[in-house]
Number of protein chains: 2
Amino acid sequence: MTLPTRVSLVDVGPRDGLQNEKEPVSTAHKAQLVAMLQAAGLKEIEVTSFVSPKWVPQMADNVAVMAAIERRADVRYSVLTPNLKGLEAALPTRPDEIVVFAAASEAFSQKNINCSIAESIERFAPVVQAAHAAGIKVRGALSCALGCPYEGEISPDKVERVAGLMRAIGVDHLGVADTIGVGTPRKVQAALERALKHFPLQELSGHFHDTYGQALANIYASLELGVHTFDASVAGLGGCPYAKGATGNVATEDVVFMLNGLGIETGVDLDKLVDAGAFISGVLGRPPVSRVARAVLAKRVG
Amino acid sequence: MTLPTRVSLVDVGPRDGLQNEKEPVSTAHKAQLVAMLQAAGLKEIEVTSFVSPKWVPQMADNVAVMAAIERRADVRYSVLTPNLKGLEAALPTRPDEIVVFAAASEAFSQKNINCSIAESIERFAPVVQAAHAAGIKVRGALSCALGCPYEGEISPDKVERVAGLMRAIGVDHLGVADTIGVGTPRKVQAALERALKHFPLQELSGHFHDTYGQALANIYASLELGVHTFDASVAGLGGCPYAKGATGNVATEDVVFMLNGLGIETGVDLDKLVDAGAFISGVLGRPPVSRVARAVLAKRVG
């Protein structure tokens, strides 16, 4: 089985990783993190979100962060905009891509955003239209694609159905997200295969949480299907809101280590990436969750 | 690609996991750990080692531990015996299996046991003979099979060579060990394929360290070759002696979670296994390294 020769990594650390931090991280530190990620070679970075500061106070400085980052022409900067109000606030900051999200689980959709899956998709339709009118690409995140904290296991049928709804309203790219990290390799392959009925390989990505340590095995299994775009979060930023103290996003360092070993090009310099993770971990006052970061930092001390 | 329907797990926590703990763990606690592992359904347990207490003081109570465990007829208890003296001390304790080890790296062999690979194999030959004369199975551990802290990457040629030397002296089972955790899926497959030239599938196992987070991806890649025996250490006991603070043995809990998700039978009850890991982690005064254990324990509290 031939694996892809090149993989694109989207670092979601500045947004997904930091959004649940209680202590405010300064705008300057956020911009510094983005700077270090792009210095490490990341070409796609999820920078911030445009949601109500009442809901996510950590992202209240979204406009300031977008203004503070020093942009590179070859890096794509994305922001989360769950509704038209968010999109309108985001547009003047010139994001390259916006992210909307729907759940594969009806119970999660109801509890998380107080509406059905179908209603959530309807709400996104005008956001997608407005983004396209502004020449901006739309990434759809499909949360709870492998399991749901309320419903338990999620069938591939549901993934296919919601992927189809997302495609129907014009979403350009689908990210299949294992929000609670319960997926294992063959189940992940089954979910991706069904998503591939609506999105081509080059517009499908995997977003895996490492809550149960499965993320790298799941990424390897995804590579076997030819999937070659993955979200990851530097230092493993972002815990699991459904199990306090548990692990959340897979660490970008760990993904890069595996891809390097597989001979797959990412364009990322692992040492500089470890620097970026060490920097933000220092700001947060705790060690990186990334196993690679811990091993590399331990060896540097030596 | 069809995966095995059943996997045998060897919990090496009581020996490999505890051996480098500085604070002595009591014989009673060690026996309790073994009792909890077998209650969780583990059928193979590496209990202790018969080496000089000057080198490994934590295992000085080897005879007492072997006497303290309550044996089950359907569980295989193994002990490490690196030389004839160790074997002679071990025999009266009636182990079901002994473990000897050689390195795939010449530099590691010299630095770790002060002799060449060939010399180390020569020394094992009488140990293997004496074990067989006593009706005891011999497992050979092939350390540094993917990488060496002194030599760097290890070629599959070396794995094949040393596997052949082990087979030639009568070793019954080979464990391919990624001692420093640098292996990635395709390199692991290459190493295992070469080891399979000398050992049949049912007598080959993988021993992966999670230092760089790769262990589960490597186990999944091994399953794709049909390998169906793996070492693991409850709670991820046993750090990495080559990078202080880094992760060592893959946690049995994480392996069982993946195998459960793949529909592969192990006979292990994950909740009872988490109990065993929580018990020994409590004795050691620190949380389990296992991501599954952390998530499960967080949910129990939460």
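Everything numeric here is computed off the predicted structure, so don't read it as measured data.

Novice: Whenever I open this one, the pattern of salt bridges confuses me. Can you help?
Specialist: Side-chain pairs of opposite charge can arise whenever the charged atoms involved come near each other. Residues and elements named next belong to chain A. The final tally for this structure, using the stated rule, is 39 salt bridges over all chains. Between arginine 71 and aspartate 96 there is a salt bridge, with the nearest N and O atoms lying 4.0 Å from each other. Remark: aspartate 96 occurs in the loop between helix 4 (84-90) and strand 4 (97-103) and arginine 71 occurs in the loop between helix 3 (62-68) and strand 3 (76-80); sequence separation between them is 25 residues. Owing to a relative accessible area of 31%, aspartate 96 belongs among the partly exposed residues under this scheme.

Novice: Is there a simple way to explain the interface of chain B and chain A in this structure?
Specialist: The extent of an interface is frequently quoted as the accessible surface area lost upon association of the parts. Across the contact, 37 residues belong to chain B and 37 residues belong to chain A. Carbon and sulfur atoms make up 59% of the surface buried where chain B meets chain A, a total of about 3,100 Å² over both sides. The largest share of the area that chain B buries against chain A comes from Arg186, Tyr212 and Arg291 of chain B, three residues that together contribute 27% of it. On the surface where chain B and chain A come into contact, there are two salt bridges. Residue aspartate 210 of chain A is joined to arginine 291 of chain B by a salt bridge in which the shortest nitrogen-to-oxygen separation is 2.5 Å. Applying the counting rule to chain B against chain A returns ten residue pairs in polar contact (both at pLDDT 80 or more). Breaking the side of chain B that touches chain A down by element, the ones donating at least two residues are helix 8 (185-195), helix 9 (215-224), helix 10 (252-261) and helix 12 (291-301) of chain B.

Novice: How do you make sense of the relation of the copies chain B and chain A when you look at a structure like this?
Specialist: Put simply, the second copy of the chain is the first one after a rotation about an axis and a shift along it. With an axial shift of 0.0 Å and an RMSD of 0.0 Å, the rotation relating chain B to chain A amounts to 180°. Accordingly, the operation relating the two chain copies is best matched by a two-fold axis. When C-alpha distances to the rotation axis are compared across chain B, the minimum falls at alanine 217 of chain B, with a value of 1.9 Å. Mapped onto chain A, 100% of the interface residues of chain B are again interface residues, and the two copies thus contact each other with one and the same surface.

Novice: Whenever I open this one, the packing of aromatic side chains confuses me. Can you help?
Specialist: Centre-to-centre distance and the angle between the planes together describe a pair of aromatic rings. Residues and elements named next belong to chain A. Enumeration according to the criterion identifies five aromatic pairs over all chains in this entry. Considering the side-chain rings of phenylalanine 108 and tyrosine 150, the 6.2 Å spacing of their centres and the 35° angle between planes classify their relative orientation as tilted. Of this pair, phenylalanine 108 sits in helix 5 (residues 106-113) while tyrosine 150 sits in the loop between strand 6 (147-148) and strand 7 (152-153), placing them 42 residues apart in sequence. Looking at phenylalanine 108, the relative accessible area reads 4%, which means it is buried. On the basis of relative accessible area, tyrosine 150 is assigned to the partly exposed category, the value being 41%.

Novice: Even after reading the chapter, I still don't get the UniProt feature "domain: Pyruvate carboxyltransferase" (unreviewed entry) in chain A, so can you show me in this structure?
Specialist: Here the UniProt feature "domain: Pyruvate carboxyltransferase" (unreviewed entry) sits at residues 7-274 of chain A. From the first C-alpha to the last, residues 7-274 of chain A spans 19 Å; its make-up is 40% helix and 18% strand.

Novice: Is there a simple way to think about the environment of leucine 174 of chain B in this case?
Specialist: All names here are of chain B. On the secondary structure map, leucine 174 appears in strand 8 (residues 173-178). A relative accessible area of 0% places leucine 174 in the buried class. When the C-alpha atoms of leucine 174 and glutamate 203 are compared, they prove to be 6.3 Å apart, with 29 residues separating the residues in sequence. Those residues in contact with leucine 174 that lie beyond four places of it in its chain are Gly140, Leu142, Ala163, Met166, Ala195, Phe199, Glu203, Leu204 and Ser205.

Novice: Could you clarify how one ought to interpret empty space enclosed by the protein in this entry?
Specialist: In this approach the atoms are scanned with a rolling probe the size of a water molecule, which exposes any empty space left behind. Considering all chains together, one arrives at three cavities of 30 Å³ or more under this definition. In this model, the largest cavity occupies a volume close to 80 Å³.

Novice: Sorry, what's going on with the sheet that holds strand 8 (residues 173-178) of chain A here?
Specialist: Note on sheets: strands pair through backbone hydrogen bonds, and any given pair is parallel or antiparallel. Residues and elements named next belong to chain A. Overall, parallel pairing links the eight strands, which are arranged 1-2-3-4-5-8-9-10 in a closed barrel. Between one strand axis and the next, the sheet turns through 30° on average, direction left out of account. By the bridge criterion, four bridges tie strand 1 (residues 8-11) to strand 10 (residues 229-232) in an arrangement that is parallel. Its bridge partner lying in strand 10, aspartate 11 is registered against alanine 232. The strands that helix 9 (residues 215-224) touches are strand 8, strand 9 (204-208) and strand 10; relative to strand 9, the one it contacts most, it runs at about 165°. Against the sheet, helix 10 (residues 252-261) touches strand 1 and strand 10, its axis set at about 170° to strand 1.

Novice: Before we go on, may I ask you to explain the sheet that holds strand 4 (residues 97-103) of chain B in this structure?
Specialist: Residues and elements named next belong to chain B. The eight strands are arranged 1-2-3-4-5-8-9-10 in a closed barrel whose pairing can be described as parallel. Within the sheet, the average angular offset between the axes of one strand and its neighbour, ignoring direction, is 30°. With respect to the sheet, helix 9 is in contact with strand 8, strand 9 (204-208) and strand 10 (229-232), its orientation differing from that of strand 9 by roughly 165°. This element, helix 10, spans strand 1 (8-11) and strand 10 of the sheet and lies at about 170° to strand 1.

Novice: How should I be thinking about unusual backbone geometry in this particular structure?
Specialist: Its identity as a non-glycine residue notwithstanding, asparagine 114 of chain A has a phi of 60°, on the positive side. When you line up the elements, asparagine 114 of chain A lands in the loop between helix 5 and helix 6 (117-133). By relative accessible area, which is 56% here, asparagine 114 of chain A ends up exposed. Phi angles above zero are rare outside glycine, and alanine 235 of chain B is one such case at about 65°. Mapped onto the fold, alanine 235 of chain B is located in the loop between strand 10 and helix 10. Taking relative accessible area as the criterion, alanine 235 of chain B reaches 2% and is therefore assigned buried.

Novice: What am I meant to see in helix 9 of chain A here?
Specialist: Structurally, the α-helix is built with 3.6 residues per turn, so residues lying three or four positions apart point the same way. Residues and elements named next belong to chain A. Counting buried positions along helix 9 gives ten out of ten residues, so the element sits mostly inside the fold. Within helix 9, burial applies to Ala215, Leu216, Ala217, Asn218, Ile219, Tyr220, Ala221, Ser222, Leu223 and Glu224. Note on helix 9: the residue one or two positions beyond its end, glycine 226, has a positive phi of about 95°.

Criteria and cut-off values
- Residues numbered from 1 in each chain as written.
- Chains lettered and ligands numbered in written order.
- Predicted model: local features only at pLDDT ≥ 70, side-chain atom pairs only at ≥ 80, totals over all residues.
- Heavy atoms only, no water.
- Salt bridge = Lys/Arg side-chain N within 4 Å of Asp/Glu carboxyl O.
- Helix = DSSP H or I, 4+ residues; strand = E, 2+ residues; numbered from the N terminus.
- Buried < 20%, exposed > 50% of the residue type's maximum accessible area, 1.4 Å probe, protein only.
- Contact = heavy atoms within 4.5 Å.
- Buried area = accessible area lost by both parts, 1.4 Å probe.
- Polar contact = N/O pair within 3.5 Å; in protein donor to acceptor, adjacent residues only side chain to side chain.
- Least-squares fit on C-alpha atoms with pLDDT ≥ 70 in both.
- Phe/Tyr/Trp six-rings, centres within 6.5 Å; stacked < 30°, edge-to-face > 60°.
- UniProt positions renumbered as here; feature names shortened; annotations may be inferred.
- 1 Å grid on protein atoms, 1.4 Å probe; cavity = no way out; pocket = protein on both sides within 12 Å on 5 of 7 lines; lining within 4 Å.
- Points joined across faces, edges and corners; volume = space filled by probe spheres on them.
- Pairing = 2+ DSSP bridges.
- Axes fitted to C-alpha atoms, helices over the stretch in contact; angles between N-to-C directions.

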